[in-house]
Amino acid sequence: MTTTVAAPRIPQAGPPLPPIAIAAVALFLTSLILPAILAGGDTYPSPYSDQATVVEYFRGNTGPVLLTALLQFAASLPLAIFAATASVRLNRLGVRAPGGTIGLVGGVLASGSMALSALFTWTLTRPEILDHVELIRLLHDLAFITGGPGFIVPSGLLIAGIAVPGLITRLLPRWLAWAGLIIAGLAMIATLTVAFPDLSILLPIVRFPSLAWLVLAAILLPTRRRTTDSRERP
């Protein structure tokens, strides 16, 4: 009679976080900078701009708008991978609290909102859409609400889901964890932009520091838990 010995399970660390975070941030920033260069300095219009400015931009910059949609849709993919990998990393580091799962949910929602915003933007390159002013405004508003509050608020959950366990278990430097909590708090306040347009200034204030924070967290989050010397234990 032979007995079968099961091979020990090898924990899967997943892909490295820094390249994923850098890819997501680089694609998103390129989606803002490169189309503006190709459009001769014209920037993507705010939904609070007057109707003539919005319509003129989309009718005169089909190529840059298409590039914006392509790059932002591409950026949504590594963002989702980052959220999933970070969640697994926290679990492997011994975090059993809901923080990692909250971060995963926030990352998936943020990624989905970015992708949806990019798809709304893509429709603004269609000739049959550009013939109707009311459709331009509608799709522009949808692209803004999904790529603005729809992206920023869940991003706060993603950051909080990493920062809170990173602070409690000392997996992240305290300054970085506290910075993440501040950014996450501002992201939650940005929920009010849906009802109070004057608070839309919070969106860029939160967006760019949050992108930088994700890259720093990806670099500084360890792959394994540091062991404590027995002499240092209480």
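Calculation rules
Residues numbered from 1 in each chain as written. Predicted model: local features only at pLDDT ≥ 70, side-chain atom pairs only at ≥ 80, totals over all residues. Heavy atoms only, no water. Helix = DSSP H or I, 4+ residues; strand = E, 2+ residues; numbered from the N terminus. Buried < 20%, exposed > 50% of the residue type's maximum accessible area, 1.4 Å probe, protein only. Contact = heavy atoms within 4.5 Å. Axes fitted to C-alpha atoms, helices over the stretch in contact; angles between N-to-C directions. Parallel < 35°, antiparallel > 145°, perpendicular 65-115°, else oblique. Left-handed = near helix turned anticlockwise from the far one by under 90°. Nonpolar A, V, L, I, M, F, W, Y, C, P; charged D, E, K, R; others polar. Core = buried A, V, L, I, M, F, W, Y, C linked by side-chain atoms within 4.5 Å.

**Thoughts on the side chain of His140**
- Secondary-structure assignment places His140 in helix α6 (residues 133-147).
- Residue His140 is classed as buried on the basis of its relative accessible area, which comes to 1%.
- Leaving out residues up to four positions away in the same chain, His140 has contacts with Tyr44, Pro45, Ser46, Pro47, Val54, Phe58 and Leu124.

**Notes on the packing of helix α1 (residues 17-38) against helix α3 (residues 62-92)**
- One can describe the packing of α1 onto α3 by two numbers: an axis separation of 8 Å at closest approach and a directional angle of 165 degrees. Viewed along their axes, α1 and α3 adopt a mutual orientation that is roughly antiparallel. The chirality of how α1 crosses α3 is left-handed.
- For the contact of α1 with α3, a count of residues per class yields 21 nonpolar, five polar and one charged.

**Quick look at the nonpolar core**
- The biggest cluster of nonpolar side chains holds 38 residues, and the ones touching the most others in it are Leu79, Phe82, Ile162 and Trp213.
- Looking at this core, the elements with two or more residues in it are α1, α3, α4 (99-123), α7 (149-168), α8 (174-189) and α9 (202-220).
- Apart from the residues within four sequence positions on either side, Trp213 is in contact with Ile159, Ile162, Ala163, Leu172, Leu176, Ala179, Gly180 and Ile183.
- Val54, Phe58, Phe120 and Ile136 belong to the second largest nonpolar core, which has 12 residues in total.

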